[in-house]
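Structural overview
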Amino acid sequence: MPKQPFFQERNWYAIHTYAGYEERVAQNLRERIKKFKMENKIFNVIVPKEKVIKIKDGKKKIVEEKSYPSYVLVEMIVDDQSWYVVRNTPRVTGFLGTGTIPIPLKKEEVEKILKKMEEQKPEYKFSVKVGDLVRIIDGPFKDFEGKVAETDPQRGKIKVLIDMFGRETPVELDSLQVKKL
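Structural notes, computed from the coordinates. (Residues numbered from 1 in each chain as written. Predicted model: local features only at pLDDT ≥ 70, side-chain atom pairs only at ≥ 80, totals over all residues. Heavy atoms only, no water.)

Some remarks on the sheet that holds strand β1 (residues 11–17)
Strand pairing in a sheet relies on backbone hydrogen bonds. The paired strands run either parallel or antiparallel. The following threshold applies: When DSSP finds two or more bridges between two strands, those strands count as paired. A run of DSSP states H or I qualifies as a helix once it reaches four residues; a run of E qualifies as a strand once it reaches two. Both are numbered from the N-terminal end. With axes taken as lines fitted to C-alpha atoms, and helix axes fitted only over the stretch in contact, angles between N-to-C directions fall between 0 and 180 degrees. Contacts are residue-level and defined by heavy atoms, with any inter-residue pair within 4.5 Å sufficient.
Strand order across the open sheet formed by 4 strands is β2-β5-β1-β6, with antiparallel pairing between neighbours. Of all the strands in the sheet, just β2 (42–46) and β6 (92–95) have a single pairing partner and so form its edges. Pairwise comparison of adjacent strand axes, ignoring direction, gives a mean angle of 30° for this sheet. Relative to strand β5 (residues 71–76), β2 is paired through 4 bridges, and the arrangement is antiparallel. Looking at the pairing, Ile46 lines up with Leu73 of β5. With respect to the sheet, helix α2 (residues 80–87) is in contact with β1, β2, β5 and β6, its orientation differing from that of β6 by roughly 145°.

Structure representation (structure tokens):
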């Protein structure tokens, strides 16, 4: 009797890996698929990533970041052999699911992840968040201190509340103009 419920249809599954080994796991799994001739049961292996703009040392850089650290997505038909190939790939700790039975991801979730990976326009990634105290390091409000009220990742802008004339005044700044206290 098979250990895995046999699904005749292709589904996406999330497999959990050791932190920082997602790329290596994906490469090892692709090699194992060829070695064990599982191309008819395991179809795609991806490490979900997105492009983000990070600001480090006052410079903007576009970098690819893992959307779901420690996870790799696999499109496959689950049976005992395909489950064994994936589960016994080095640095794989298991499938997302209960016990030994993997639970497929919802199609809408996978479509959303794949669409986000295809997007070319990166978002800003800030080192500050709403509520953080910051010092303005550039522009007409240089050396003022304030509290972050809003962040706009699409435009790379931050709204900071500064004390001016005895009351809090919102000021919109480029994310490069502030430094976390």
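Let's talk about unusual backbone geometry
Positive phi values are uncommon outside glycine, yet Arg91 reaches one of about 70°. Tracing the backbone shows Arg91 in the loop between α2 and β6. The backbone of Asp143 sits at a positive phi, close to 75°, despite the residue not being glycine. Mapped onto the elements of the fold, Asp143 is located in the loop between β10 (133–136) and β11 (145–152).

A look at the packing of aromatic side chains
Selection criterion: Only the six-membered ring of Trp is used, alongside the rings of Phe and Tyr, when aromatic pairs are assigned; centres must lie within 6.5 Å, and planes under 30 degrees apart are stacked while those over 60 apart are edge-to-face, with the rest tilted. The rule is simple: take the accessible area with a 1.4 Å probe, protein chains only, and divide by the maximum for that residue type; under 20% is buried, over 50% is exposed, in between is partly exposed. Two limits define a charge over a ring: the Lys NZ or Arg CZ must be within 6 Å of the ring centre, and within 35 degrees of the ring normal.
Tallying each qualifying case throughout the model produces 3 aromatic pairs. Here Tyr13 and Phe95 contribute two aromatic rings whose centre-to-centre distance is 6.2 Å and whose plane-to-plane angle is 90°, an arrangement assigned as edge-to-face. Of this pair, Tyr13 sits in strand β1 while Phe95 is found in strand β6, placing the two residues 82 residues apart along the sequence. Residue Tyr13 is classed as buried on the basis of its relative accessible area, which comes to 0%. Relative to Phe144, the ring of Phe141 lies with its centre 5.9 Å away and its plane at 85°, an arrangement referred to as edge-to-face. A cation sits over an aromatic face here: Arg10 above Phe43, 3.7 Å from the ring centre.

Observations regarding the pattern of salt bridges
Stated precisely, the cut-off is as follows: Here, a salt bridge means any side-chain nitrogen of Lys or Arg that lies within 4 Å of a carboxyl oxygen of Asp or Glu.
Summed over the entire model, instances satisfying the criterion amount to 13 salt bridges. Glu22 is paired through a salt bridge with Lys66; the nearest N and O atoms lie 3.6 Å apart. Residue Glu22 is found in helix α1 (residues 22–35), and its partner Lys66 is found in strand β4 (residues 59–66); the two are separated by 44 residues along the sequence. For Glu22, a relative accessible area of 2% corresponds to the buried category. One network of salt bridges, in which partners are shared, links Glu23, Lys49 and Glu64.

With respect to the sheet that holds strand β14 (residues 178–180)
The strand order β13-β12-β11-β10-β14 describes an open sheet built from 5 strands, whose pairing is antiparallel. Both edges of this open sheet fall to β13 (167–174) and β14, since each of them pairs with a single strand only. Taken over all neighbouring pairs, the strand axes of this sheet differ in orientation by 45° on average, direction set aside. Pairing analysis gives 3 bridges linking β10 to β11, with the strands arranged antiparallel.

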